[in-house]
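Geometric and topological summary
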Amino acid sequence: MTLTRRTALMGLGAFGLAACSTGGGSVAPANSTGSALPADLRPASNAAFVAWVRGVRARAGGQGISDGTLAAGFRGTGYLPGVVKRDRNQVEFSRTLEDYLSIAASDERVSKGRAAYARHRSTLAAVEQRYGVAPEIVTAIWGLESFFGERRGNVPVVAATSTLAFDGRRGAFFEKQLVAALKILQSGDVAASDLKGSWAGAMGHTQFIPTSYQAFAVDFTGDGRRDIWSDDPTDSLASTAAYLSRNGWTRGLKWGVEGAGPGRSLTPQPGGPTFSVTSNFNVIKRYNNSGSYAIGVGHLADRIAGGGPLRASFPPDKYGLVKDQRIALQERLTARGFDTGGADGVIGPNSRAAIAAYQTSIGIEATGDPSLAVLQSLGG
């Protein structure tokens, strides 16, 4: 397989990670399963889209999709303007590794991860026995992708992929995903009403795109369906392990360690911790081609398995603040009525808006930039 699971979706971010940052670093959330969709993610009138659908249905029919499947797949779907808006207006967040790990391995995510690991211990052990992937690694991917199933997405996959294929920016790729989604529906793995996912068509507890589902999803429960959409995460967890196994995972080999160890040395943030990584680190990157993501999975997995925080510290940020000072800034702003959305030490859009509002209130230029001076002006 030449593409990683979401190579063509890079820039979208890990949906669970985007959705579940608790503090100032949060970005637009994915929809929770079962939640009402925003108005712009509901079908809108678009005559050109309707005409395009007639053509794509004919092309899909030529690839073996039955008339019944096409009717079921497209029933009630339509052009979703919010999908195009999100695709065209993605903000490229350039997070430091420290910020990324503050979200990926937050106290809340570690706590939920340990609880999820305990609840599904027997399933994860059986998955490890078959595929050789450590249970904590599978659990960590689950946590980063959908916050342990809480943020699987509620957008109809046929509508999302057809909208993106029609839009044309990555038309060939998304038409391929649309046809794959229709083939999944035709296989009987899921009902049309349950074929839902993120706004970009990633599905289930561990956010498989339709073509990756076709290639790697497994029926671990033995019920005749590869069901990654239900509340039971068994097939999703096993499918994730199967994906890693088929992409070269080595049984019994750690992803890496902080500090010196066997394998390649890696210092992703100058002045921060150094990691020694193994070939399994590169296999995690096959799931999402990002060094920060792979470290996030590895470190969260270590924490879920009982490990502690990183030993080495990170240097001050470009504003001269260390994480504890950024957390203090968020806490003091919120206490003054300028809500940062939480205190995780990540200065994202919520925190910047709160800083700007505070700066305006005291009569100074509203830059939204954190600083020691702003922190000191807020008092103790």
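An account of the accompanying structure is given in this report. This structure is a prediction, so every number in the text was calculated from the model and none was measured.

**Looking at the overall build of the protein**
- Within the protein, the secondary structure is distributed over 17 helices and five strands.
- Within the protein, buried positions represent 53% of all 380 residues.
- Counting contacts in the protein only where the partners sit at least 6 residues apart, residues at least 24 apart contribute 70% of the total.
- For the protein, the exposed surface amounts to about 15500 Å²; the carbon and sulfur share of it is 51%.

**Here's the deal with the sheet that holds strand β5 (residues 275-277)**
- Pairing is antiparallel across the open sheet formed by three strands, whose spatial order is β3-β5-β4. At either margin of the open sheet sits one strand with a lone partner, and together these are β3 (256-258) and β4 (264-266). Each strand axis lies, on average, 20° off the axis of its neighbour in the sheet, ignoring direction.
- With three bridges connecting them, β3 and β5 associate as antiparallel partners. Paired with Val 257 across the strands is Ser 276, a residue of β5.

**A short note on the nonpolar core**
- With 87 residues, the main nonpolar core has Ile 137, Leu 195 and Leu 244 as its most contacted residues.
- The greatest single-element share of this core, amounting to eight residues, is contributed by helix α10 (residues 171-187).
- By size, the runner-up hydrophobic cluster in this structure holds nine residues, among which are Ala 328, Tyr 358, Val 374 and Leu 378.

**Remarks on the side chain of His 205**
- Structurally, His 205 can be placed in the loop between β2 (196-197) and α11 (210-216).
- Those residues in contact with His 205, other than ones at most four positions away along the chain, are Trp 142, Glu 145, Ser 146, Gly 149, Arg 152, Ile 228, Ser 230, Asp 231, Asp 232, Pro 233 and Ser 236.

**Re the packing of helix α6 (residues 107-119) against helix α14 (residues 291-304)**
- Taken N-terminus to C-terminus, the directions of α6 and α14 make an angle of 65°; their axes are 9 Å apart at the nearest point. Handedness of the crossing formed by α6 with α14: right-handed. Between α6 and α14, the residues in contact are Arg 109, Val 110, Gly 113, Arg 114 and Tyr 117 and Leu 300, Arg 303 and Ile 304, respectively.
- Partitioning the contact of α6 with α14 into residue classes produces four nonpolar, one polar and three charged.

How each quantity is defined
Residues numbered from 1 in each chain as written. Predicted model: local features only at pLDDT ≥ 70, side-chain atom pairs only at ≥ 80, totals over all residues. Heavy atoms only, no water. Helix = DSSP H or I, 4+ residues; strand = E, 2+ residues; numbered from the N terminus. Buried < 20%, exposed > 50% of the residue type's maximum accessible area, 1.4 Å probe, protein only. Contact = heavy atoms within 4.5 Å. Areas by Shrake-Rupley, 256 points an atom, 1.4 Å probe, with all protein chains shown as cover. Pairing = 2+ DSSP bridges. Axes fitted to C-alpha atoms, helices over the stretch in contact; angles between N-to-C directions. Core = buried A, V, L, I, M, F, W, Y, C linked by side-chain atoms within 4.5 Å. Left-handed = near helix turned anticlockwise from the far one by under 90°. Nonpolar A, V, L, I, M, F, W, Y, C, P; charged D, E, K, R; others polar.

Fair warning: the whole summary comes from geometry, so function is off the table for now.
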